[in-house]
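# A look at the structure
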Amino acid sequence: MNFLNKMERKFGRFAVPNLTFWLIGAWVLGFIIQYTMPQAQNLLTLEPHLILRGQVWRLVSWLLIPPAVNLIFLIFFLSCYYFIGTSIEQAIGTFRYNVYLFGGLFCSILGAFILYGVYRITAGRPVMGIGYFFSTEYVTMSLFLAFAAIFPNVEFRLYFIIPFKAKWLGIVDAVWMTFAFIASGWPGRVAILASLLNFLIFFFSTRNYHRISPKEIHRKQVYRQQMRSAQGVTKHKCAICGRTEEDGEELEFRFCSKCEGNYEYCQDHLFTHQHIRRS
């Protein structure tokens, strides 16, 4: 994280704001190509052999191949991932969001070329078809996993009816990808691992391992005893949902510097609430 702080101070001005908008714009263009010129998709795949033969546009054009989504749910899918991407950007900052998203794309490209090199050496001849395994399918999953890690208690409506918290949907995604990783061949495994490497780095580098130390556990026990003796008086309360520290040990509360007044919010509403202005 110190390295990212230094990089942000040096290169933060070059970060692309609202990067999710451009990613979704690429998917929209990809859907148009998919339904009007389906044969043109063969010119877009991340195929290392053809890239080395001069078709360098494939380094970028594979982003136009959209995830497999039913046309009926297309608008919902795009609006959902716009919300997910912009929420992550607000939570971790524009520069870090750029690093996260571009890092995942770079890992995918690197993984495709490493896989091609291994097959090229073992087969003794050029290998085609690697680009089929690398798509934006796993890019969307890495975005959702990051969202679930940052906003675990945000609710989604499955089929617009059944409420599910983001953390449970994230666990379902993780289990599904684990089975897909086991059941796939090496091309599929490399594609999955390369696409999700940015999330693994993000997850393990942002964990607060101090909270599981014996000293911290003892501090929390003492804190809970003090709170029970306070006869129901709470120190923190979210101005949106009304939750306090008594509603869960995992809850964190912060004051918003952009709201006019002393308004405190839990971690689920700190970056998503509407700022309060007196004037």
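All of these numbers come straight from a predicted model, not from anything done at the bench.

## Examining the nonpolar core
Within soluble globular proteins, side chains that are nonpolar generally end up buried alongside one another. With 51 residues, the main nonpolar core has Trp-27, Ile-84, Ile-88, Leu-143, Phe-147 and Phe-156 as its most contacted residues. Put simply, the parts of the chain that give this core at least two residues each are helix 2 (19-36), helix 5 (74-92), helix 6 (94-123), helix 7 (137-150), helix 8 (166-183) and helix 9 (186-205). Examining the composition of this core, we find that 10 residues originate from one element, helix 7, more than from any other. Excluding anything up to four places from it in sequence, Leu-143 contacts Leu-23, Tyr-81, Ile-84, Ile-88, Tyr-97, Tyr-100 and Leu-101. Counting 8 residues, the second-largest nonpolar core is a separate cluster that includes Cys-238, Leu-251, Tyr-265 and Leu-270.

## Description of the environment of Lys-237
By the element assignment, Lys-237 lies in the loop between helix 10 (214-228) and strand 3 (253-255). Residue classification places Lys-237 among the exposed positions, given a relative accessible area of 52%. For the pair Lys-237 and Glu-252, spaced 15 residues apart in the sequence, the C-alpha separation amounts to 10.0 Å. Contacts of Lys-237, omitting those with residues within four sequence positions, involve Gly-242, Arg-243, Thr-244, Phe-253 and Glu-264.

## Things to note about a nonpolar patch on the surface
A contiguous nonpolar patch, built from Ile-162, Phe-164, Trp-168, Ile-171, Val-175 and Phe-179 and spanning about 580 Å² of accessible area, is present on the exposed surface. Looking at the nonpolar patch, the elements that each hand over two or more residues are strand 2 (162-165) and helix 8. Considering each element in turn, the nonpolar patch owes the most residues, 4 residues, to helix 8. Following the sequence through the fold, Ile-171 ends up in helix 8.

## Here's the deal with the packing of helix 6 against helix 7
Any two packed helices are characterised by the angle at which their axes cross and by the distance between the axes. With their axes 10 Å apart at the nearest point, helix 6 and helix 7 run at an angle of 145 degrees to one another. Taken as a pair, helix 6 and helix 7 cross one another with a handedness that is right-handed. On the side of helix 6, the interface is formed by Tyr-97, Tyr-100, Leu-101 and Leu-105, while helix 7 contributes Val-139, Ser-142, Leu-143 and Ala-146. Residues belonging to the contact of helix 6 with helix 7 are distributed by class as follows: 7 nonpolar, 1 polar and no charged.

## Concerning the confidence of the model for the protein chain
Predicted confidence across the protein chain gives a mean pLDDT of 79, with 85% of residues reaching 70 or more. Counting contacts from residues 208-213, a segment whose pLDDT is below 50, to residues more than four positions away or on other chains yields 6 contacts.

## A closer look at the pattern of salt bridges
Between side chains of opposite charge, a pair can form as their charged atoms come close. Summed over all chains, the structure comprises 2 salt bridges. Across the pair Asp-268 and Arg-243 runs a salt bridge, and its minimum N-O distance is 2.8 Å. Placement of the pair is Asp-268 in the segment after strand 4 (264-266) and Arg-243 in the loop between helix 10 and strand 3, with a sequence separation of 25 residues. Of the charged contacts in the structure, one is a salt bridge between Arg-254 and Glu-252, with a shortest N-O distance of 3.8 Å.

## Observations regarding the packing of helix 5 against helix 7
With their axes 10 Å apart at the nearest point, helix 5 and helix 7 run at an angle of 55 degrees to one another. For the element pair helix 5 / helix 7, the angle class is oblique. For helix 5 against helix 7, the interelement crossing comes out left-handed. Across from Phe-77, Tyr-81, Phe-83, Ile-84, Ser-87, Ile-88, Ala-91 and Ile-92 in helix 5, the residues of helix 7 making contact are Thr-140, Met-141, Leu-143, Phe-144, Ala-146, Phe-147 and Ile-150.

Here is what the cut-offs are and how they apply
- Residues numbered from 1 in each chain as written.
- Predicted model: local features only at pLDDT ≥ 70, side-chain atom pairs only at ≥ 80, totals over all residues.
- Heavy atoms only, no water.
- Core = buried A, V, L, I, M, F, W, Y, C linked by side-chain atoms within 4.5 Å.
- Buried < 20%, exposed > 50% of the residue type's maximum accessible area, 1.4 Å probe, protein only.
- Helix = DSSP H or I, 4+ residues; strand = E, 2+ residues; numbered from the N terminus.
- Contact = heavy atoms within 4.5 Å.
- Patch = residues over 30% accessible without salt bridge, like charges linked within 9 Å, V, L, I, M, F, W, Y side chains within 5 Å.
- Areas by Shrake-Rupley, 256 points an atom, 1.4 Å probe, with all protein chains shown as cover.
- Salt bridge = Lys/Arg side-chain N within 4 Å of Asp/Glu carboxyl O.
- Axes fitted to C-alpha atoms, helices over the stretch in contact; angles between N-to-C directions.
- Left-handed = near helix turned anticlockwise from the far one by under 90°.
- Nonpolar A, V, L, I, M, F, W, Y, C, P; charged D, E, K, R; others polar.
- pLDDT = per-residue confidence, 0-100.
- Parallel < 35°, antiparallel > 145°, perpendicular 65-115°, else oblique.

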